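One-letter residues, chain by chain:
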Amino acid sequence: MRVFKDEDGGLRNFGHSRANVTPSVNENPKSTKRLHPVHFGDYQNEIYLAGLHGVLPALPVDAAGLESRALQALPQSLVSYVQGGCGDELTQRRNVEAFAHWGMIPRMLVDTTSRDLRIELFGMTLPSPIFMSPVGVAGLCAQDGHGDLAAARAAAATGVPLAVSTLMNDSMETAAGLLGEAPGFFQLYTPRHKELARSLVCRAEAAGYKVLVVTLDTWLTGWRPRDLNASNFPQLRGHVLVNYFSDPVFRSLLAKPPEQDPAAAVRKWAELFGMALTWADLPWLRSLTKLPLVLKGICHPDDARRAIDAGVDGIYCSNHGGRQANSGIAAIDMLPSVVAASGDAPVLFDSGVRTGTDVIKALAMGARAVGIGRPYLYGLALAGAAGVEHVVRSILAEADLLMAVNGYPTIAQLRAAGAVRVAS
Ligand code: FNR
């Protein structure tokens, strides 16, 4: 159910449509009257109005409630892989908790009846400032094992970009076909075989992905006690390797096709998985594509500056949700210096984002776009594409309503105001 409000204040219900998540002024197709702008925050009207008919939200709207429900639905191996992280998981806890020591000062007597959460990114105008972070086991998280496709459908329904991982349970091409008008980003785990790397990138370009994200912090896997104690590593069991098994270069490296000898194909994958990139490899990486190139995992301002000087188009400040290095500093605390060093280049951010309020704080601190990771996996686990859509809409609703009540009608004004470090 979508609710639109007429100028005369009457509430109208329209069918489920993407228009609701696009913060433009909408026209009622059956009326010549101009409607009020549709806002992400209107999702709460839907929920409250449905409640008048005894209908409660199918899934919790809060991050903690969503996580606890999803953890009951997921098999133990995925709970460990998705919820777990590196070492004693200090970094991933800090990622989340550190948002609490940043705050926003409300401004009053500002007209925020109309809010604009659109952003410009690499020449695209996006309806909202969030995207789905690349997640290698997204495919497995959906109950039917096709979570990458469900996430793509949710992207199409919400206009929120999806970053697909190299590690997928369906091919990047199949997912791209479901994205509708939402842009897709392709995240490369650079293999140790340069022609395979080139092939993956060329396929992503041909499939219509708009941005190439290269993840730097995962040429090998961090020390993850939960998974180690259960000897749990999905890729070695043959999961999420479809982009490799379907790749002509990868296949050419095998004695027998993966369908005939899957164990040998998995061994080849493990042999080739991660190239330990250095600065000397950047020109080669840059030469692979004309797509905007974004480096994921940059947390130090010197690295940000050097990457931009080397021709990279965007910086992705992230500590991989505390799954790789348990280095103990929350990603959000590293964001301001990365933004300061990045000049005009857009800085994407993730790690620890659980709520719309977190999104707003990251934007205020200079992120151009904010990645949602684990929460969307929990939506996937509970209700596939509809679950992801609910998570995305809940986060955007909270973000929009915070801007409304705090007196920030635009992201530019939000960013100018900045966030305040709260004494803990
Ligand atoms: C990830 N992340 C990740 N990143 C990446 O570049 N490629 C990948 O394949 C994956 N895979 C992956 C699997 C799982 C289970 C998780 C939770 C995360 C990292 C991801 O893009 C993002 O940086 C983190 O999810 C951010 O942390 P939070 O906010 O989810 O805690």
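Thresholds applied
Residues numbered from 1 in each chain as written. Predicted model: local features only at pLDDT ≥ 70, side-chain atom pairs only at ≥ 80, totals over all residues. Near = placed C-beta within 6 Å. Helix = DSSP H or I, 4+ residues; strand = E, 2+ residues; numbered from the N terminus. Nonpolar A, V, L, I, M, F, W, Y, C, P; charged D, E, K, R; others polar. Buried ≥ 20, exposed ≤ 12 C-beta atoms within 10 Å, placed from the backbone. Pairing = 2+ DSSP bridges. Right-handed = clockwise from strand over helix to strand, strands pointing away. Core = buried A, V, L, I, M, F, W, Y, C linked by C-beta atoms within 7 Å. Contact = placed C-beta atoms within 7 Å. Domains from an automatic or database assignment. Axes fitted to C-alpha atoms, helices over the stretch in contact; angles between N-to-C directions. Parallel < 35°, antiparallel > 145°, perpendicular 65-115°, else oblique. Left-handed = near helix turned anticlockwise from the far one by under 90°.

**Points about the site of the ligand**
Lining the immediate environment of the ligand, one finds 24 residues, of which Ser133, Gly136, Ser165, Gly321 and Gly373 sit closest. Secondary-structure elements contributing two or more residues to the shell around the ligand are helix 3 (76-83) and helix 4 (90-97). Taken together, the residues of the shell around the ligand sort by class into seven nonpolar, 13 polar and four charged.

**A word on the pairing of strand 15 (residues 369-372)**
A two-sided burial pattern is seen for strand 15, the buried positions comprising Ala369 and Gly371 on one face and Val370 and Ile372 on the other. The pairing of strand 8 (residues 130-132) with strand 15 spans three bridges and is classified as parallel. Bridge pairing in strand 15 places Met132 opposite Ile372. Sheet topology places strand 14 (residues 347-349) next to strand 15; two bridges connect them, and they run parallel. Its bridge partner being in strand 15, Leu348 is matched across the sheet by Ala369. In this fold, strand 14 hands off to helix 16 (residues 356-364), which returns the chain to strand 15; that crossover is right-handed.

**Describing unusual backbone geometry**
Glycine aside, negative phi is the norm for most residues, and most peptide bonds take the trans geometry. Its identity as a non-glycine residue notwithstanding, Glu89 has a phi of 65°, on the positive side. Positionally, Glu89 belongs in the loop between helix 3 and helix 4. On the basis of neighbour counts, which here come to 18 C-beta atoms within 10 Å, the residue Glu89 falls in the partly exposed class. With phi around 60°, Leu109 is a residue other than glycine that occupies positive phi space. Within the secondary structure layout, Leu109 lies in the loop between strand 5 (102-103) and strand 6 (119-121). A tally of 5 C-beta atoms within 10 Å means that Leu109 is categorised as exposed.

**Observations regarding the nonpolar core**
In terms of nonpolar packing, the biggest core is built from 123 residues, with Ala151, Cys317, Leu335 and Val338 touching the most fellow members. Top element by residues in this core is helix 17 (residues 374-406). It accounts for 18 residues. Val338 has contacts with Ile298, Cys299, Pro301, Ala304, Ile315, Cys317 and Val347, leaving out every residue within four places of it along the chain.

**Points about the domain arrangement of the chain**
Structurally, the chain comprises domain 1 (2-38) and domain 2 (63-421). Measuring from the centre of the C-alpha atoms in domain 1 to the corresponding centre in domain 2 gives 32 Å.

**Some words on the packing of helix 2 (residues 63-73) against helix 17**
To characterise two packed helices, one gives the angle between the axes of the helices and the distance between these axes. Axis separation between helix 2 and helix 17 bottoms out at 7 Å; the angle between their running directions is 105°. Considered as vectors, helix 2 and helix 17 are oriented roughly perpendicular to each other. Along the contact surface, helix 2 presents Ala63, Leu66, Glu67, Arg69, Ala70 and Ala73, while helix 17 presents Pro375, Tyr378, Gly379, Ala381, Leu382 and Val391. Residues of the contact of helix 2 with helix 17, tallied by class, amount to nine nonpolar, one polar and two charged.

**Observations concerning the packing of helix 14 (residues 301-309) against helix 15 (residues 331-341)**
Running from amino to carboxyl end, helix 14 crosses helix 15 at an angle of 30°, the nearest separation of the two axes being 8 Å. Taken together, the axes of helix 14 and helix 15 lie roughly parallel to each other. Our pair here, helix 14 against helix 15, has a crossing hand that is right-handed. Two secondary-structure elements touch here, helix 14 through Pro301, Ala304 and Arg305 and helix 15 through Ser337, Val338, Ala340 and Ala341. Grouping the constituent residues of the contact of helix 14 with helix 15 by class yields five nonpolar, one polar and one charged.

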